[in-house]
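Below, each chain spelled out in residue letters.
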Amino acid sequence: MLIRAATDQDAKDLAQIHVRSWAETYPGLLPAEEIAAYPYDLRLAQWQGVLARGGTRVVLIDGTGFAQSGPQREARFKPDYPDELYALYLLGTAQGRGLGRALLRAALGPAPRPFTAVVLASNARALGFYTRIGGQEIARTRGEDGLEDLVLGWPDPGMI
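Residues numbered from 1 in each chain as written. Predicted model: local features only at pLDDT ≥ 70, side-chain atom pairs only at ≥ 80, totals over all residues. Heavy atoms only, no water.

Some words on helix α4 (residues 99-108)
Buried residues of α4: L99, G100, L103, L104, A107 and L108, and no others. The first or second residue beyond α4 is G109, which carries a positive phi of 85°. (Buried < 20%, exposed > 50% of the residue type's maximum accessible area, 1.4 Å probe, protein only. Helix = DSSP H or I, 4+ residues; strand = E, 2+ residues; numbered from the N terminus.)

Here it is as structure tokens:
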């Protein structure tokens, strides 16, 4: 499957994948109301804005998955982890084939720097993936939803 940089024309595909992956991933982990609070129209506007603003790297496997990375948003992590993985979503039918790792590598670019990713603590599948590829817990936080998140760090992303 081809991984490529997302363009402005990909907002619809990104929104569809985002909504579908949330519907597959988060039942039982997030309240149903929270999942429903992010419908296609909202995700479409989100991705149109992200792509129009630039400043992040968004990569896509058409109809299957995407990843987004960019500058670290959390000041306390910037000195050691200058970059951040903002999102990595892959539809369930494509999981377990190395595509998540490939998307992550593509999102980090040709010269990856140390980075973090925030993962819902109760998301065992995502935590398993991230720890298998070298993620190390560096902090615990509470999201706006009150749920516990883990901040994982990769001091040497070249090992992914």
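Here's the deal with the sheet that holds strand β5 (residues 115-120)
Spatially, the seven strands line up as an open sheet ordered β1-β2-β3-β4-β5-β7-β6, and their pairing is mixed. Unpaired on one side and paired on the other, β1 (4-5) and β6 (136-142) mark the two borders of the sheet. Relative to strand β2 (residues 57-61), β1 is paired through two bridges, and the arrangement is antiparallel. Counterpart to A5 in the pairing with β2 is V59. Contacts from helix α1 (residues 11-25) reach β2, β3 (65-71) and β4 (83-90), with the element oriented near 75° to β2. Packing against the sheet, α4 makes contact with β2, β3, β4 and β5, and its axis sits at approximately 150° to β2. (Pairing = 2+ DSSP bridges. Contact = heavy atoms within 4.5 Å. Axes fitted to C-alpha atoms, helices over the stretch in contact; angles between N-to-C directions.)

Some thoughts on the packing of aromatic side chains
Tallied over the entire structure, the rule returns seven aromatic pairs. Arranged with centres 5.6 Å apart and planes meeting at 75°, the rings of Y130 and W154 form a pair that is edge-to-face. Here Y130 is found in helix α5 (residues 124-132), whereas its partner W154 is found in strand β7 (residues 148-154), with 24 residues between them in sequence. Aromatic ring contacts, followed pair by pair, group F115, F129, Y130 and W154 into a single cluster. Over the ring of W22 we find R43, and its NZ or CZ is 4.7 Å from the ring centre. The lysine or arginine in question, R73, covers the ring of Y86, its NZ or CZ lying 3.9 Å from the ring centre. (Phe/Tyr/Trp six-rings, centres within 6.5 Å; stacked < 30°, edge-to-face > 60°. Lys NZ or Arg CZ within 6 Å of the ring centre and 35° of its normal.)

Brief notes about the pattern of salt bridges
A full pass over the atoms with the stated rule returns seven salt bridges. Between R4 and D62 there is a salt bridge, with its nearest N and O atoms 2.7 Å apart. Of the two residues, R4 sits in strand β1 while D62 sits in the loop between β2 and β3, which places them 58 residues apart along the sequence. Look at D62 and you get partly exposed, because its relative accessible area is 45%. A single salt-bridge network, built from bridges that share partners, covers R4, D10 and D62. (Salt bridge = Lys/Arg side-chain N within 4 Å of Asp/Glu carboxyl O.)

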